[in-house]
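# Observations on chain architecture
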Amino acid sequence: MSMSVGGDEGDDQPMSDINTTPLVDVMLVMLIIFLITIPAIVQKIPLELPKVRFDPTTTKPENVSLSIKASSNGACQVYWGQSPVDSTELLDRAVKKLKDEIARQGGVDAPGLELPEAHIRGDINTPWRCIAGPIYNFQMAGFTKVGFISEPPPNGG
């Protein structure tokens, strides 16, 4: 086993510089591997993503307006208009609302049948589980459009 001890000047201290050549070699090999494999891993499927824009909500009398928030103890509070409802009552009222609206317009086969929409306003601090339950109830009732009401950005964008 040999050890390099420096130059010819009689300095008997061992050389303390780290040999970085193996490190550079390994890093270059890894760089080449990643440059080759990344394009093979990242595959793009051509999609046309929706453009973000603000459309004012047109409020129709037949639409349902829900307000959802969580109480301080974590319980979900759902309001149909101004009255609080539980999950069972929400489903029953949604089914009745849809049946009444279809009957008012002349039945399922009526030309130009427009089904009501559900508009959900959720407090910003409401957990998703409180929002997902009413969405599921409206889907089970037969509502085809369930949307969210939000505030537009302050700059109008």
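Going by the structure above, here's the rest.
Since this is a predicted model, take the numbers as computed values, not measurements. (Residues numbered from 1 in each chain as written. Predicted model: local features only at pLDDT ≥ 70, side-chain atom pairs only at ≥ 80, totals over all residues. Heavy atoms only, no water.)

### Considerations on the overall build of the chain
- When helices and strands are counted, the chain shows 3 helices and 5 strands.
- Secondary structure of the chain in N-to-C order comes out as α-β-β-β-α-β-α-β.
- In the chain, buried positions account for 18% of the 157 residues.
- Across the chain, the fraction of contacts at a sequence separation of at least 24, relative to all contacts at a separation of at least 6, is 59%. (Helix = DSSP H or I, 4+ residues; strand = E, 2+ residues; numbered from the N terminus. Buried < 20%, exposed > 50% of the residue type's maximum accessible area, 1.4 Å probe, protein only. Contact = heavy atoms within 4.5 Å.)

### Regarding helix H3 (residues 128–141)
- Relative to the 20 Å expected for 14 residues at 1.5 Å per residue, H3 spans 20 Å between its end C-alpha atoms, a close match to the ideal helical length.
- When we look at burial in H3, the residues that qualify are Cys 130, Ile 131, Pro 134, Ile 135, Asn 137, Phe 138 and Ala 141. The buried side chains of H3 occupy one side of the element, clustering within an arc of 160 degrees when seen end-on. Facing away from the buried side of H3 by over 90 degrees, the exposed positions are Trp 128, Arg 129, Gln 139 and Met 140.
- Where H3 is buried, its residues meet strand S1 (64–70), strand S2 (76–80), helix H2 (87–104), strand S4 (118–122) and strand S5 (146–148).
- Looking one or two places after H3, you find Gly 142, whose phi comes out positive at around 115 degrees. (Expected span 1.5 Å × (residues − 1). Arc of directions from axis to C-beta.)

### Topic: a nonpolar patch on the surface
- Residues Leu 23, Val 26, Met 27, Met 30, Phe 34 and Ile 38 make up a contiguous nonpolar surface patch of about 570 Å² in total accessible area.
- Among the structural elements, Ile 38 can be located in helix H1 (residues 21–41).
- Its relative accessible area of 42% is what places Ile 38 among the partly exposed residues. (Patch = residues over 30% accessible without salt bridge, like charges linked within 9 Å, V, L, I, M, F, W, Y side chains within 5 Å. Areas by Shrake-Rupley, 256 points an atom, 1.4 Å probe, with all protein chains shown as cover. Salt bridge = Lys/Arg side-chain N within 4 Å of Asp/Glu carboxyl O.)

### A word on the pattern of salt bridges
- According to the stated counting rule, one finds 4 salt bridges in the structure shown.
- In this structure, the salt-bridge partner of Arg 93 is Glu 89, at a minimum N-O distance of 3.9 Å. You can see Arg 93 and its partner Glu 89 sitting in helix H2, 4 residues apart, about one turn around the helix.
- The partly exposed category is assigned to Glu 89, whose relative accessible area is 35%.
- Lys 96 serves as the salt-bridge partner of Asp 100, at 2.7 Å between the closest nitrogen and oxygen.

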